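Summary of the model geometry
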Amino acid sequence: MVERTPFLNFFTHLILFVGFVLCIAPFVVVAVAASHNLRDVNDVPMSLLPGSDFWTNIKTAWTTADLGPKLLNSFIMAAGVAAGKVIISALTAFSIVYFRYPGRTFIFWLIFVTLMLPLEVRIVPTYAVVANVLSPYQTILDITGLSWLIEKVSGVQVSLSLGLLNSYTGLILPLIATATGTFLYRQFFLTVPDELTEAARMDGAGALRFFIDILLPLSRNNMAALGTIMFLWAWNQYLWPLLITTDQSHATAVTELKQLIPNVGGIPEWNIAMAGTLIVMLPPLIVVVLMQRWFVRGLIATEK
Amino acid sequence: MEKRVTFSSWTIGILFAVPQLLLIFTFFYWPAGQAVYWSLTLQQPWGGGNIWVGLDNFRSILANADYWNSITASLVFAGISTGLAMFVALVLAALTDRQLAGSRLYRVVLIWPYGIAAPALAMAFRFVLAPEAGFMAVINQVWPGFWDPGLDGADAMASIIIAFSWKYVGYNFIFFLAAFQAIPRSLIEAAAMDGSGVMRRFWDIQFPLITPTIFFLLVINITESFQDSFGIVDIMTSGGPANATNLMVYKIYSDGFKGLDYSGAAAQSIILMLLIVVLTIFQFRFIERRVHYR
């Protein structure tokens, strides 16, 4: 502190405290509402003292929205996206930074452009691609006349088809197809001293060995940061899972929340809805609280 | 920046990039190209032929009052929620940066909302702002009919703005705080020795030095308000009442998947893509030049 400013200090504390309360209040309201019975939760004003029906509500929400399997689906999707991102981005960044093949700059820009267009704005065609993931290749074969050629030569009609709707692969792969992590690794790889590479090469290490034994262990911090941020991001995805899981068996916890919106007729069951909300918001909150350091670091690093 | 020491094998290098290239080709470039193709043709959902119609899809969309209504709603939403989330975060970060007692606690807690899924927080706010239960009901008892997001478009818009801003205050806070803490303490102390007060130091030293962060967050917040709003709208208002909260991404979704108008949805996607690309280029080209760097 530079000087004595008692008034300003008072206001600083006051405003920060108000901000703190506004930030915490929704969490508290959700938790308290989840503990009331149907009559108390619809009281005006609702009592902020916890009621006694917490576990009953949690159980009802759990069975109504079938949250057990849905949470597992969410977890598989989030872990899959995080792992996929961590691995694939590392491979790509290694290729871009440590090699000099023709077309490298072009590949760099190809990947860079994907940062600009989020999945949300191209959902309709992406959905069509996932419905038959080989359709791009089929079309290419058709247009170039290759499928005609193959049919003439071998007599086999080419029709490639592989649907990924209602599958974990379909949930995960399109979410990995962006550049977010690649640039995080790129920035880091550029700071790795050249002497290290030289020494490794002198000792007879090839590209693969250098990558696995030296570069990857050095990037552990980056992996933790990227993994945390991607896990949260994937867990919180809503639109994409909503579209491609037409079948209940692959729906995620976040999309299942919609089942819990109280219907307009009758007394709204807000206590159940809030219990479900609490269950769905808890896992990412735990990740944020436990992995705070990596979370903040990943957030700042992936955006720059 | 380039590496001096590299590996000579071209094949291995290209092989390392192949998985990523396959993914972005299949799930990014192809769909993006497909969107352009669909927007220029009339496509029957689930097969059937495509008829080339040129720019007709764009013409019919741009002549549609509902679409302009959706653009207006998106811009209002983007403008107010970005302003609100950034202003609150800036104030909180500036005060936290004064490092009085307890500032560590704020640093930890204020980013929690950003970890929450948009639909989950939308559900929480749907309850908090519900007209018949929750807390706005208290006000409704005093002034009946004061607040009803189910009937009044402005109330519905206010609800989704509050929910979105709540989440993004935490996000902006992290970046603002990092920016404030990157300013050398000696600068602040020197200014204090010269007799400048807290406000003067803020406006003449700290504020100019964090302008890059402000512009960066401005673009991110606006683009996020186009995408991340979907879950909030879908849970809280479903685009209603009377299309008052029918934001652009929500309209693409409902036209494409509920109305099965693929061509119209594709044309809307293209317009939204252009909007976001322009914003991003704007960020890279112009904004970065006009701000103060140390």
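These numbers were taken from a predicted model, which means no experiment stands behind them.

With that settled, consider the overall build of chain B. From N to C terminus, chain B includes 12 helices and 2 strands. Starting at the N terminus, the α and β elements of chain B follow one another as α-β-β-α-α-α-α-α-α-α-α-α-α-α. Within chain B, buried positions represent 43% of all 294 residues. If you take every contact in chain B between residues at least 6 apart in sequence, the share linking residues at least 24 apart comes to 69%.

A few words on the overall build of chain A. Each helix and strand counted, chain A has 17 helices and 0 strands in total. Scaling as 2.2 N^0.38, a compact globule of 304 residues should have a C-alpha radius of gyration of about 19 Å, whereas chain A reaches 25 Å, well beyond that. Taken across its 304 residues, chain A has 42% of its residues classed as buried. At a minimum sequence separation of 6, the contacts of chain A that also span at least 24 residues come to 76%.

Residue-level contacts link 84 residues of chain B with 86 residues of chain A. Element by element, the count of residues in the side of chain B that touches chain A is highest for helix H1 (residues 10–40) of chain B, at 20 residues. When its residues are assigned to classes, the side of chain B that touches chain A shows 65 nonpolar, 15 polar and 4 charged.

Bringing the confidence of the model for chain A into the picture now. With 95% of its residues at a pLDDT of 70 or more, chain A shows a mean pLDDT of 84. Within chain A, helix H8 (residues 146–154) of chain A has the poorest average pLDDT of any element, 74, and helix H4 (residues 67–98) of chain A the best, 91.

Let us look at the nonpolar core. Soluble globular proteins tend to bury their nonpolar side chains together. Residues and elements named next belong to chain B. Counting 160 residues, the largest nonpolar core has Ala89, Ala120, Phe127, Ile160 and Phe176 as its most contacted members. Of the residues forming this core, the biggest block, 16 residues, is contributed by helix H7 (residues 153–181). Ignoring anything within four residues of it in the chain, the contact list for Ile160 reads Phe77, Ser229, Ile232, Val233, Met236, Thr237 and Thr245.

What follows deals with unusual backbone geometry. Residue and element names in this part refer to chain B. A positive phi angle, close to 50°, is found at Ser238, a residue other than glycine. Mapped onto the elements of the fold, Ser238 is located in the loop between helix H10 (229–236) and helix H11 (248–258). At Ala242, a position not held by glycine, the phi torsion is positive, near 50°. If you trace the backbone, Ala242 turns up in the loop between H10 and H11. For Ala242, a count of 12 C-beta atoms within 10 Å gives the class exposed.

A few words on the packing of helix H5 (residues 118–128) of chain B against H10(B). Residue and element names in this part refer to chain B. Axis separation between H5 and H10 bottoms out at 8 Å; the angle between their running directions is 40°. Seen along the crossing, H5 lies across H10 with a hand that is right-handed. Across the interface between the two elements, Ala118, Pro119, Ala122, Met123, Phe125 and Arg126 from H5 touch Gly231, Ile232, Asp234, Ile235 and Met236 from H10. Partitioning the contact of H5 with H10 into residue classes produces 8 nonpolar, 1 polar and 2 charged.

Before going further, it helps to examine the packing of helix H13 (residues 220–235) of chain A against helix H16 (residues 270–290) of chain A. Residue and element names in this part refer to chain A. Put simply, H13 and H16 touch, their axes get as near as 10 Å, and they point 165° apart. Classified by the angle between their axes, H13 and H16 sit roughly antiparallel to one another. Along this stretch, H13 crosses H16, giving a crossing that reads as left-handed. Counting all contacts with H13, which are made through Thr228, Phe231, Leu232 and Trp235, the residues of H16 involved are Pro283, Pro284 and Val287. Each residue belonging to the contact of H13 with H16 can be placed in one class, and the counts come to 6 nonpolar, 1 polar and no charged.

All names here are of chain A. Inspection of the secondary structure assignment puts Trp55 in helix H3 (residues 54–64). A count of 11 C-beta atoms within 10 Å places Trp55 in the exposed class. Placed 77 residues apart in sequence, Trp55 and Asn132 show a C-alpha to C-alpha distance of 44 Å.

Calculation criteria
Residues numbered from 1 in each chain as written. Chains lettered and ligands numbered in written order. Predicted model: local features only at pLDDT ≥ 70, side-chain atom pairs only at ≥ 80, totals over all residues. Helix = DSSP H or I, 4+ residues; strand = E, 2+ residues; numbered from the N terminus. Buried ≥ 20, exposed ≤ 12 C-beta atoms within 10 Å, placed from the backbone. Contact = placed C-beta atoms within 7 Å. Rg over C-alpha atoms; globule rule 2.2 N^0.38 Å. Nonpolar A, V, L, I, M, F, W, Y, C, P; charged D, E, K, R; others polar. pLDDT = per-residue confidence, 0-100. Core = buried A, V, L, I, M, F, W, Y, C linked by C-beta atoms within 7 Å. Axes fitted to C-alpha atoms, helices over the stretch in contact; angles between N-to-C directions. Left-handed = near helix turned anticlockwise from the far one by under 90°. Parallel < 35°, antiparallel > 145°, perpendicular 65-115°, else oblique.

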